[in-house]
Amino acid sequence: MVNQNFSSDPVPLFDAEVVLGLWPIAGVTTVGVSPENAKRTIATAIELGISTFDTAYSYGLNGESDRYLADAIRGRADRFHVISKVGQRYLDDGTRTVDSSPATLQADAEESLRRLGIERFNTLMLHSIDENVEIERSAEALCELRDRGLADRIGLCNATDEERRRFQSVCECRAIQCPLNLLESGTLQTVIAGAAADGCDVLVYWTLMKGLLAGKISPDHVFPEGDSRPGYAVFQGERRATAHRVVDGLKEIANETGRTVASLSVSWTLSQPGVTAALVGARRPDQIREVADAGPLDEETLQRINRLVTGTSV
C-alpha cells in the first residue's frame, strides 16, 4: 500500500546544526571507551547547547548508545531531538548484519524506544539498504511506525539518489544521512543535491573522517590493536599523505583564526550547499568541546580551505 500522507511543501528542520553522533561511545570499533566518559560526553554536549543526538538500534552490542542517552535525557526528553536508525543489528556471534524486513524494523524500533525511555523518535531512519528486501517494503514499514505515533519524521541513510526516490514514492523521506568531508566530497553532486532540491534535511557524517581531520593523528601514528581505522583507504598510502598535507594547511588557518582544525573541518561541511546538519562523533568531553561552536564559514576562509583541498595556493 502506498502512503500518500506527504507534506505539500517540505522544508528542512535543521539549520547548520552540529549533532552529536553516538556511534563512537557504543564501543564496538572505538578503542578505549568507558561508560563514564560516554555519559560525560553527552552531558558536555548538552551543556554546550547541542540538543540533537544520533543513535541507532545497532550502536552497541547491547544498545549502549541508547542506554547512555536515556540516562542523559530522562525526564526532559521534550527538550531534545532524537534521531535513530533501524535496519542493522548484531547477531549472537557479534556479527553486524543488515536486516530491513518489516518485522525486524518494527521489533527493533520498539526495543530501541524502550531502551531510550521515550514514546517516539523525532526522526526515524532506515539504516541500510537490504539487498534481500525491496526498499519499498522497508519504506512502507517505517511509514506504519510513523502512523502509529512512534516517529514524527522518516528518513533514509546510505542510499543513492535513485534509491531515495524509490523510498519517497511510498513514504515521505524528510531527511537523509550520507558521508561528506574535506577529503571525500563526491556526495555533494549526487545524493546531497537531489535530496536538498526535494526539501530534505541533509545530515552528513564522517565530517572528521574518523579523527584524521581533527589534526591530532600524525603521519607516523600507530593505532592500537582493535582500532578499525587503518582499514579505511584514506588512512593508506598516497591518500593519507594528501590528508596530512591538508591538515597541515588547516593548522595554519586555525592558528590565524583562533579556531581548531576540527572546528574548521566541521564548519566546511556546514558551508556546503544543501547540508543542514553535521554529525560529529565523540567519545570524550574535550572532543565535543572542540566542534560545538562549528558553523558556516565566512567566504574568505571557505575559499582558502577549498584552495587547500585542491592543492592550489593558499
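Keep in mind it's a predicted model, so treat the numbers as computed, not measured.

Definitions and cut-offs
- Residues numbered from 1 in each chain as written.
- Predicted model: local features only at pLDDT ≥ 70, side-chain atom pairs only at ≥ 80, totals over all residues.
- Heavy atoms only, no water.
- Helix = DSSP H or I, 4+ residues; strand = E, 2+ residues; numbered from the N terminus.
- Buried < 20%, exposed > 50% of the residue type's maximum accessible area, 1.4 Å probe, protein only.
- Salt bridge = Lys/Arg side-chain N within 4 Å of Asp/Glu carboxyl O.
- Disulfide = S-S within 2.5 Å.
- Pairing = 2+ DSSP bridges.
- Axes fitted to C-alpha atoms, helices over the stretch in contact; angles between N-to-C directions.
- Contact = heavy atoms within 4.5 Å.

Describing the side chain of Ser112
Turning to its location among the elements, Ser112 is positioned in helix H3 (residues 102-116). Looking at Ser112, the relative accessible area reads 0%, which means it is buried.

Some words on the pattern of salt bridges
Counted by the stated rule, this structure contains 19 salt bridges. Where Arg74 meets Asp71, a salt bridge forms, and the shortest distance between an N and an O atom there is 3.1 Å. Given a relative accessible area of 38%, Asp71 falls into the partly exposed group. Linked through salt bridges whose partners overlap, the residues forming this network are Asp161, Arg164, Arg165 and Asp198.

Structural notes on the state of the cysteines
When the sulfur atoms of two cysteines share a covalent bond, that bond is a disulfide. Under the definition given, this model contains one disulfide. A disulfide bridge connects Cys143 with Cys171, and the sulfur atoms are separated by 2.3 Å. In this structure, the disulfide formed by Cys143 and Cys171 twists by about 95° around the S-S bond and is classed as right-handed. Of this pair, Cys143 sits in helix H4 (residues 135-147) while Cys171 sits in the loop between helix H5 (161-168) and strand S8 (175-179); the two residues are 28 residues apart in sequence, bridging distant segments of the chain. The exposure classification of Cys143 matches that of Cys171, with both residues buried. Lacking any disulfide linkage, Cys178 is separated from the closest cysteine sulfur, that of Cys157, by 9.4 Å. Assessed through its relative accessible area of 4%, Cys178 is described here as buried.

Examining the sheet that holds strand S7 (residues 151-157)
On the basis of which strands lie adjacent, the closed barrel formed by eight strands has the order S1-S2-S3-S6-S7-S8-S9-S10 and parallel pairing. Within the sheet, the average angular offset between the axes of one strand and its neighbour, ignoring direction, is 30°. Its contacts with the sheet place H3 against strand S3 (81-86) and strand S6 (121-126), and it is angled at close to 145° to S6.

Regarding unusual backbone geometry
At Asn158, a position not held by glycine, the phi torsion is positive, near 55°. Here Asn158 shows up in the loop between S7 and H5. The phi dihedral of Met209 falls on the positive side, at around 45°, and the residue is not glycine. If you trace the backbone, Met209 turns up in the loop between strand S9 (201-205) and helix H7 (237-257).

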